[in-house]
Amino acid sequence: MSNQTIKTLIIMLFVSLLALPMIAQKATLKGKLTNEDDGTTLPFATININDGETGATTDFDGNYEIQLDAGTYNVTYEYIGLTAKTQQITLAAGETKDMSVGLTESAELLEQVVVTGTKSGVKIGESTVSIAVVKPDLLNNTNSDSDEIVQKVPGVSVIDGQANIRGGSGYSYGAGSRVLLLVDDLPFLAGDAGFPNWSDIPIENAGQVEVLKGAASSLYGSSAMNGIINFKTAYPTSESYTRVSLYNVNYFPPRTESIINDEGTEVDLDRQWWDNDDSRRDVLFEGDSTTLNKPGDRGVQFAHRQKFGKFDLVVGGVLYDNYGFRQFSRDRKARLNFNTRYRITDKFSVGVNGNINRGSSVSYFLWQDPDNGAFESFQRLTEPLYSLATLVNFNPEFNTTTPSQTFRYNIDPFLTIFDEKGNRHKILSRYYHIENDNGNNQSNFSDLLYGEYQFQREFKESGINLVAGALGQVTYSEAQLYGNSKYSSSNIGAYAQIDKRFADKLTLSLGGRYEMNTINSPEIINSSESCHEGGRIDNPEPTSREAKPVFRAGLNYQPAEYTYLRASWGQGYRFPTIAERYVSTSVGDLLFICPNPSLQSETGWSAEIGARQGVKISSWQGFVDLSYFWTEYQDMMEFTFGGPDADGTVNGFQSGNIDDTRIRGAEISFLGQGELFGVPTNLIAGYTYIDPQYQNFDAQTAANSTSNENILKYRFRHTAKLDIESTFKKKLSIGASLQYNSKMEALDIYFYDLGKFLLADFEDLINTIQPNGQGFDELAGDILGIKAFRDRKDGGTAVLDFRVAYNISEVAKISFILKNATNQVYTLRPALMEAPMNLTVRADVTLRGKAKN
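Structural notes, computed from the coordinates. Along each chain, residue indices are assigned from 1 in the same order as the chain's sequence is written. Only residues with pLDDT of at least 70 get local features here, since the model is predicted, and only at 80 or more are side-chain atom pairs given and counted; chain-wide, interface and lining totals rely on the full set of residues. With hydrogens and water set aside, each side-chain value is computed from the structure's full complement of heavy atoms.

### Looking at the overall build of the protein
Thought 1: Helix numbering and strand numbering both begin at the N terminus, where a helix is a DSSP run of H or I of at least 4 residues and a strand a DSSP run of E of at least 2. Secondary structure summary: the protein contains 12 helices and 47 strands in total.
Thought 2: Sorting the 853 residues of the protein into buried and exposed places 55% on the buried side.
Thought 3: Considering only contacts within the protein whose residues lie at least 6 apart along the sequence, 66% involve residues at least 24 apart.
Thought 4: The accessible surface values rely on the Shrake-Rupley method and a 1.4 Å probe; as for residues, cover is taken only from the protein chains in view. When the accessible surface of the protein is totalled, it reaches about 35,600 Å², and 54% of it is carbon and sulfur. Relative accessibility decides the category of a residue: with a 1.4 Å probe and only protein chains considered, values under 20% of the type maximum give buried, values over 50% give exposed, and everything between is partly exposed. It only takes one pair of heavy atoms within 4.5 Å for two residues to be counted as in contact.

Written out as structure tokens, the structure reads:
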């Protein structure tokens, strides 16, 4: 061995001996982070050492391990939405210390976590857009359906199934939506119609409902032009959870009102149909036997959530039977849903969610009249028009109800992977099958396939969070609604959004999306003689394709504790659905819906400035939110009578690019919870004002509306919401809610002039004969009585509900819910009376137990 080699070995030995003390000085800090309130583990929580000098994150099961030098450290455990906890820890050389920590839910409402605005999660106070949250307790306590519960949120309305946020939408006759409905972050609109099936939503297992107000197309695409409603499923905690609920709803007879009719005679609203069993015969489907039933709902729902080691299971279901308060209406549903998740490793999880819904129903479209037939279906002309129509061989009888049998299901496989750098990769997918076997030649069948890859990375040192992804959606449809033809549509796109936090005060958000939409359709479109001469029209673009980019920007600044200022601007883009372009149907040969293959996409933008201020009164806390918003649409799509130019060239309703529009307004809302004067009390309240206008209002637009003012149709200029509930000694809870809508100022003039359109061919004859001394305008005008009803209901409508619940034991609760307590007679959509006063009795049994390992 050479001298040089010996010297090298001596040096290496010497260095190793010097390193031994340093190795010996190392210590290990490890443990598990959990949610102290429900025992669930906290994956990817943050552990900060000495204010970020070093740190670590937990794995998928909430475990962490850090190698540190011997010494004393300030260790902070953080998880979004939970209250951070800091502990001083001293470690000796070579020591291994197990420090498992439980974090509690933040009592601050501004600390609530929402996912919808970023796809990754952010505290609601730090959001750059306006987001509201509804908790599941409110849904259960009010026995609300999914479309009812979202209307507790200020600025949100649902008119005959059509969601509307801050006046961004009108009434679309079951086709197209500017509000994107999500279930667990996946789109849940029918692929061909772009319309929500509210009864498919598994509300019995809802964790929370998030409502984003304003354009969100940059992250979510075409249908999110006016906002998003996201139903999030509650997953199991350390305790198993089982709830069974039974309820029964009884409707009271509508309030008798004395009114003065057009002839100056006092008339009572007739309840004969309601009170007479012989008029309560519900013919469900051709060939079925008739039934005699008083109006009422009854149903049962169940929810079960449980952990089995690394496997999470969520199951729920509903059985529902409704004898409607409107003549002939009936609705029966059976639905089952499930969510599963299996954690293969601490960084890899997979699952499958699903939902199946089967039902039958009879839908009601128009009343007979608001006086003697407010809850009766429109079936015939009244005298003397009935006799006159018979004389001229014009059928005076109509069928405006539609029987339907439905079968819908969706299957949603997904997986989540966290790589070694902490990046999150998600693959989401959905297959959504719809069979609507409707009467009156209105059946439609569609299949939707959706897939999305999502990437998220958090750059902790720079405070940047990146979300990016790519997606594709394909829909295949064949329907009587579309002239018994086959159609397909597709949407492919990519998106990215960056959120940057500066000095723990300022958040800046930038995002963009590029998407391409395609519809494949026949060269000849089947229509009807009433819509187009010959019942067929040429399709100018059998393969229609369009691609557009959209962008958004937002910021949030926190100038003081509990004070947040925000501003946002986002572009919107919506491509027509198959239904909007190609639907061809009618309601009892009374109201025709016509195709418009030339319909173009709409674009626009939405801007908002707002302030959110936290408040505390002793142990009761909440926040006040103020906002001013401005939305503009170019080539806005809406259904109008007579075609997009409303010039009468089309004898029916048709979706068209009506005009450029502008909607401005302001909103104030308040949310609070905690003990108020020693009583636990929850409160939601808000008021919204909108000014919806055409940018190019002219005489032709005014002639097609019931209002001479420049206001978009089917909007409420003023809305107000209030819901309050207090709990006494953890046994008795008492609540009340109020919803106010101002008068809907503008409708399609067709609803006033329906008789004139129906009997236009007999105008000269009627003016010559003068039945009952009346001419054509007097007899044929307002045959549905909509104008007369609206004239005597000149103001708005306030609907008041009350509820009382009593916890019989730790597992049993009984509730009494009185809706429309003052028995208001009112409509939201023309010629569709809303529910009279009704009482719900509901019983809940809830069982909890330990999860199985």
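Moving on from the model shown.
### Quick word on the sheet that holds strand 2 (residues 46-49)
Thought 1: At least two bridges found by DSSP between two strands is the condition for calling them paired. Reading across from one edge, 3-2-5-6 is the order of the 4 strands in this open sheet, with antiparallel pairing throughout. Each having just a single partner strand, strand 3 (54-57) and strand 6 (85-91) make up the two edges of the open sheet. Ignoring strand direction, the axes of neighbouring strands in this sheet form an average angle of 25°.
Thought 2: Pairing between strand 2 and strand 3: 4 bridges, direction antiparallel. The partner of Thr 46 across the bridge, within strand 3, is Thr 57. Orientation is described by axes fitted as lines to C-alpha atoms, over the contacting stretch for helices, and by angles from 0 to 180 degrees between their N-to-C directions.

### Topic: the sheet that holds strand 15 (residues 186-187)
Thought 1: Read from one edge of the open sheet, 5 strands run 11-16-17-14-15, paired in mixed fashion. Lying at the two open borders of the sheet, with one neighbouring strand each, are strand 11 (130-134) and strand 15.
Thought 2: In this structure, strand 16 (residues 206-213) lies alongside strand 17 (residues 227-233), joined through 7 bridges in antiparallel fashion. Residue pairing across strands places Leu 212 opposite Ile 228, the latter belonging to strand 17.

### A few points about the pairing of strand 12 (residues 156-159)
Thought 1: Residues Val 156 and Val 158 of strand 12 are buried on one face, and the alternating residues Ser 157 and Ile 159, pointing to the opposite face, are buried as well.
Thought 2: Counted between consecutive antiparallel strands, the loop separating strand 12 from strand 13 (residues 162-165) contains 2 residues, among which Asp 160 sits at a positive phi close to 50°.

### Quick notes on empty space enclosed by the protein
Thought 1: Any residue with an atom within 4 Å of a point lines the site, the site being either a cavity, points on a 1 Å grid over the protein atoms alone where a 1.4 Å probe fits but cannot get out, or a pocket, an open set with protein on both sides within 12 Å along at least 5 of 7 lines. Grid points are joined across faces, edges and corners, and a volume is the space filled by probe spheres set on the points. The full count for this structure, using the stated rule, is 16 cavities of 30 Å³ or more.
Thought 2: Approximately 450 Å³ is the volume attributed to the largest cavity.
Thought 3: Lining the largest cavity are 29 residues, and of these Ser 222, Ser 223, Gln 473, Asn 491 and Asn 517 sit closest to its centre.
Thought 4: Within the residue set of the lining of the largest cavity, elements represented by two or more residues are strand 27 (444-459), strand 28 (464-479), strand 29 (485-502) and strand 30 (506-520).

### Focus on the pattern of salt bridges
Thought 1: Counted as salt bridges are all cases of a side-chain nitrogen of Lys or Arg within 4 Å of a carboxyl oxygen of Asp or Glu. What the rule picks out here adds up to 40 salt bridges.
Thought 2: Because the salt bridges share partners, they merge into one network encompassing Arg 166, Lys 213, Arg 566, Glu 608, Arg 612, Asp 625 and Glu 667.

### Observations regarding unusual backbone geometry
Thought 1: The step from Glu 383 to Pro 384 runs through a cis peptide bond, and the omega angle for that step is 0°.
Thought 2: Counting through the fold element by element, Pro 384 comes out in the loop between strand 24 (348-364) and helix 6 (385-391).
Thought 3: Phi at Arg 166 takes a positive value of approximately 55°, unusual for a residue other than glycine.
Thought 4: Take Arg 166: it is sitting in the loop between strand 13 and strand 14 (179-183).
Thought 5: A positive phi is found at Phe 677, a non-glycine position, where the angle reads about 55°.
Thought 6: One can find Phe 677 in the loop between strand 39 (653-676) and strand 40 (679-694).
Thought 7: For Phe 677, a relative accessible area of 81% translates into the label exposed.

### Here we look at the side chain of Asn 741
Thought 1: Examined against the element boundaries, Asn 741 turns out to sit in strand 42 (residues 732-741).
Thought 2: Once residues lying within four places of it in the same chain are set aside, the contact partners of Asn 741 are Phe 716, His 718, Thr 719, Gly 796, Thr 797 and Leu 828.

### Examining the packing of aromatic side chains
Thought 1: The pairing test for Phe, Tyr and Trp rings, Trp by its six-membered ring, is centres within 6.5 Å, and the orientation test on the planes gives stacked under 30 degrees, edge-to-face over 60, and tilted for anything in between. Taken as a whole and judged by the stated rule, the model has 16 aromatic pairs.
Thought 2: For the ring pair Trp 367 and Phe 789, a centre distance of 5.3 Å and an interplane angle of 75° mean the geometry is edge-to-face. Placement of Trp 367 in the loop between strand 24 and helix 6 and of Phe 789 in helix 12 (residues 786-792) is noted, with a sequence separation of 422 residues between them.
Thought 3: Owing to a relative accessible area of 1%, Trp 367 belongs among the buried residues under this scheme.
Thought 4: In textbook terms, an aromatic cluster arises when at least three aromatic residues are bridged by ring pairs, as seen for Phe 653, Tyr 750, Phe 751 and Phe 757.
Thought 5: A cation over an aromatic ring shows up here: Lys 500 above the ring of Phe 502, its NZ or CZ 5.0 Å from the ring centre. A positively charged side chain is recorded as over a ring if its NZ (Lys) or CZ (Arg) lies within 6 Å of the ring centre. The angle to the ring normal must also be within 35 degrees.

### Observations concerning a nonpolar patch on the surface
Thought 1: Residues Val 244, Leu 246, Phe 302, Leu 336 and Ile 356 make up a contiguous nonpolar surface patch of about 390 Å² in total accessible area.
Thought 2: By the element assignment, Leu 246 lies in strand 18 (residues 239-251). Exposure above 30% relative accessible area and the absence of a salt bridge qualify a residue for a patch, where like charges join within 9 Å and nonpolar side chains (Val, Leu, Ile, Met, Phe, Trp, Tyr) within 5 Å.

### Side note on the nonpolar core
Across soluble globular proteins, nonpolar side chains have a tendency to be buried as a group.
Thought 1: Within the largest apolar cluster, 121 residues are counted, with the highest numbers of intra-cluster contacts made by Ile 229 and Phe 231.
Thought 2: In terms of residue count, the dominant contributor to this core is strand 14 (5 residues).
Thought 3: What makes a nonpolar core is a set of buried Ala, Val, Leu, Ile, Met, Phe, Trp, Tyr and Cys residues whose side-chain atoms join them at distances within 4.5 Å. Listed in part, the 19 residues of the second largest apolar core include Ala 27, Tyr 64, Tyr 77 and Met 99.

### Quick look at the pairing of strand 28
On a regular strand, each side chain points to the face opposite its neighbour's, so the side chains alternate between the two faces of the sheet.
Thought 1: Alignment of strand 27 against strand 28, held across 16 bridges, turns out to be antiparallel. Within the sheet, the bridge partner assigned to Leu 449 lies in strand 28 and is Val 474.
Thought 2: The antiparallel hairpin formed by strand 27 and strand 28 contains 4 residues in its connecting segment, where Gly 463 sits at a positive phi of about 70°.
Thought 3: For strand 28 and strand 29, the ladder comprises 16 bridges, and the chain directions are antiparallel. Each bridged residue has a counterpart across the sheet, and for Gln 473 the counterpart in strand 29 is Asn 491.
Thought 4: Counted between consecutive antiparallel strands, the loop separating strand 28 from strand 29 contains 5 residues, among which Gly 483 sits at a positive phi close to 70°.

### So, the environment of Pro 295
Thought 1: Turning to its location among the elements, Pro 295 is positioned in the loop between helix 5 (272-275) and strand 21 (296-308).
Thought 2: By relative accessible area, which is 5% here, Pro 295 ends up buried.

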